Amino acid sequence: MRPRQLGITTGLGTPGEFNAITDVPGVRVGHCTLIDGEQIRTGVTIIQPRAGEARLQPCFAGVHVLNGNGDATGLEWIREAGLLTTPIGITNTHSVGVVRDALIAAERASLADPSTYWCMPVVMETYDGVLNDIWGQHVRSEHVLAALADARPGPVSEGAVGGGTGMICHEFKGGIGTASRKLPAEQGGWTVGALVQANHGQRRELRVDGYPVGRVLDDLPSPFAERGEPGMGSIVVVLATDAPLLPHQCQRLAQRASIGIARTGGGTEDSSGDLFLAFSTADQQLPPVGYGRTGVAFSQAVAMVNNDHISPLFRAAAEAVEEAIVNALLAGVDMRTASGTRVPGLTGERLLDALRQTGWKPARP
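From a predicted model like this one, the values you see are computed outputs, not experimental measurements.

Any chance you could break down the pairing of strand β2 (residues 40–48) for me, citing the residues and the numbers?
With nine of nine residues buried, β2 is to be regarded as a mostly interior element. Alternating positions in β2 separate into two faces, I40, T42, V44, I46 and Q48 on one and R41, G43, T45 and I47 on the other, with burial throughout. With nine bridges connecting them, strand β1 (residues 28–36) and β2 associate as antiparallel partners. Bridging from a neighbouring strand, R28 pairs with Q48 of β2.

Can you tell me about unusual backbone geometry, naming the residues and giving the values?
Although it is not a glycine, N19 adopts a positive phi angle of roughly 50 degrees. Inspection of the secondary structure puts N19 in the segment before β1. Backbone geometry at E171 places phi at a positive 65 degrees, although glycine is not the residue there.

Tell me about the pattern of salt bridges, residues and numbers included.
A complete count under the given rule lists twelve salt bridges for this structure. Residue D101 is joined to R100 by a salt bridge in which the shortest nitrogen-to-oxygen separation is 3.0 Å. A salt bridge links R350 to D219; the shortest N-O distance between them is 2.9 Å. With R350 in helix α8 (residues 348–357) and D219 in the loop between α4 (214–217) and β12 (231–241), the pair connects residues that are 131 residues apart, well separated along the chain. In this structure R350 comes out as partly exposed when scored by relative accessible area, which is 27%. The exposure class of D219 is exposed, given its relative accessible area of 55%.

Give me the lowdown on the sheet that holds strand β6 (residues 88–92), citing residues and values where you can.
On the basis of which strands lie adjacent, the open sheet formed by five strands has the order β1-β2-β6-β7-β4 and mixed pairing. In this open sheet, the two strands that pair with only one neighbour each are β1 and β4 (72–73). Docked against the sheet, helix α2 (residues 96–109) engages β2, β4, β6 and β7 (122–126), running at close to 155 degrees with respect to β7. Sheet strands in contact with helix α3 (residues 141–150) are β1 and β2, and its direction is about 140 degrees off that of β1.

Explain the nonpolar core residue by residue, including any values.
Of all hydrophobic cores here, the largest spans 53 residues; its most connected members are V237, L239, L313, V321 and L351. The set of elements that each furnish at least two residues to this core consists of β11 (191–201), β12, α5 (247–255), α6 (257–263), β13 (273–280), α7 (311–330) and α8. Broken down by element, this core gets its largest block of residues, twelve residues, from α7. Core analysis: the next-biggest nonpolar cluster, separate from the first, contains 26 residues, V24, I88, V156 and F279 among them.

I'd like a rundown of the state of the cysteines, residues and numbers included.
Applying the stated criterion across every chain, the model contains zero disulfides. This cysteine, C119, is not joined by any disulfide, and C59 carries the nearest cysteine sulfur, 14 Å off. Residue class for C119 comes out buried when judged on its relative accessible area of 16%.

So what about the packing of α2 against α3? Which residues, and what values?
Look at α2 against α3: their axes get within 9 Å of each other, and the N-to-C directions meet at 60 degrees. By the angle class used here, α2 and α3 are oblique. As for the relative orientation of α2 and α3, their crossing is right-handed in sense. Across from V98, V99, A102, L103 and A106 in α2, the residues of α3 making contact are S141, V144, L145 and L148. Its residues assigned to classes, the contact of α2 with α3 shows eight nonpolar, one polar and no charged.

An account of the environment of I78 is requested, with residue identities and associated values reported.
Note on placement: I78 falls in helix α1 (residues 75–81). What makes I78 buried here is its relative accessible area of 3%. Placed 152 residues apart in sequence, I78 and P230 show a C-alpha to C-alpha distance of 33 Å. Not counting chain neighbours up to four residues away, the residues in contact with I78 comprise A61, G62, V63, L83, L84, V122 and L277.

A description of the sheet that holds β13 should follow, citing residues and the corresponding values.
Here we have six strands laid out as an open sheet, ordered β5-β3-β13-β12-β11-β10, and mixed in their pairing. Two strands close off the open sheet at either side, each with one partner strand: β5 (83–84) and β10 (175–182). Of the strand pairs in this sheet, strand β3 (residues 59–68) and β13 are connected by eight bridges, and their pairing is antiparallel. Across the sheet, residue G68 finds its bridge partner in β13, namely G273. Contacts from α5 reach β3, β12 and β13, with the element oriented near 40 degrees to β3. Across the sheet, α7 lies against β10, β11 and β12, angled at about 145 degrees from β10, the strand it touches most.

Residues and numbers for α7, please.
With 20 residues, α7 extends 29 Å between its outermost C-alpha atoms, agreeing within 8% with the 28 Å of an ideal straight helix rising 1.5 Å per residue. Burial within α7 is extensive, with 18 of its 20 residues counted as buried.

Please provide a residue-by-residue account of the packing of aromatic side chains, values included.
For the structure shown, the criterion picks out two aromatic pairs. Taking the centre distance of 5.8 Å and the plane angle of 85 degrees together, the rings of W77 and W118 count as edge-to-face. Taken together, the positions of W77 in helix α1 and W118 in the loop between α2 and β7 put the pair 41 residues apart, joining distant regions of the chain. With 6.0 Å between their ring centres and 15 degrees between their planes, Y117 and W118 make a pair best called stacked. In this structure an aromatic cluster arises from ring pairing among W77, Y117 and W118. Over the aromatic face of F172 sits the side chain of R203, whose NZ or CZ is 4.7 Å from the ring centroid. Stacked on the ring of F314, the Lys or Arg R256 has its end atom at 3.8 Å from the ring centre.

The rules we used
- Residues numbered from 1 in each chain as written.
- Predicted model: local features only at pLDDT ≥ 70, side-chain atom pairs only at ≥ 80, totals over all residues.
- Heavy atoms only, no water.
- Buried < 20%, exposed > 50% of the residue type's maximum accessible area, 1.4 Å probe, protein only.
- Helix = DSSP H or I, 4+ residues; strand = E, 2+ residues; numbered from the N terminus.
- Pairing = 2+ DSSP bridges.
- Salt bridge = Lys/Arg side-chain N within 4 Å of Asp/Glu carboxyl O.
- Contact = heavy atoms within 4.5 Å.
- Axes fitted to C-alpha atoms, helices over the stretch in contact; angles between N-to-C directions.
- Core = buried A, V, L, I, M, F, W, Y, C linked by side-chain atoms within 4.5 Å.
- Disulfide = S-S within 2.5 Å.
- Parallel < 35°, antiparallel > 145°, perpendicular 65-115°, else oblique.
- Left-handed = near helix turned anticlockwise from the far one by under 90°.
- Nonpolar A, V, L, I, M, F, W, Y, C, P; charged D, E, K, R; others polar.
- Expected span 1.5 Å × (residues − 1).
- Phe/Tyr/Trp six-rings, centres within 6.5 Å; stacked < 30°, edge-to-face > 60°.
- Lys NZ or Arg CZ within 6 Å of the ring centre and 35° of its normal.

The analysis is restricted to geometry; functional conclusions fall outside its scope.
Structure representation (structure tokens):
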């Protein structure tokens, strides 16, 4: 069950219909999950910004890095040009290259004349080497194509799915989580959606709805007793919105992911790769990228949110990321390593008990 089904709310904002990144029109999410035997626990998740049409209609985008112990492809061009023109892949650390190559091959297959275009896909990662045979590089091109084919609007599967299959969050089973916030009409009526791959944090630091539940839950054995240290890992965040934001405003939105992570007790580890990407799907009719195009205007009129009115979007981003992390935790189920190390899932019953012990009471309707 998701936290809201248990009466656990996050912040003051209102979720969208699915409480997911797909509440932003045109955004689709797909997964390919690989679980085989006792060693393979991995996969790939794909986010399509404009229903697969980002090359023909790019999105303004921006990136932010809280802590750089992580890897990604395609982010430098977003920093330079402010444009997202490809799907976003999320996987494990050692599979970034194969996901990138598969996305390029898929793009090539869709082009009548590839000489007029180049492709630099965005691929982000977190480390699943505690639960997964990461050195085996089990993600292959066909798995990326399967995730692309699976991309759809509506509800998004969470927890041990896709790229999040082998991830650990606050020493519980982590993985994929998503949430959204829809602003009231007087604040623009826009939606901000977040998707996280949560593989970070120490259990004792965990907070839910502001309550230090990690202090109550810290009686369980750590999955890092045999290798590594609690908190090792990373979190990647993708934020989407239909608010008309320019690239530097997308970057500012991406920065607010840090706040959502901090509210749940994360963001302070040297060994964490905390990379964030935000994009806007607002219909600004940006010209497609490529070479040899004629008849394209040298200037382009675009819309933007006045900075005096952007704060509600920042609050929405922080809340959506905070709730997405908790959603990822509650979607987790027990998983064991090949050597028998158990990574426990955080059940709703256990979380509610911990919340009550720290003085929490359900919010009034």
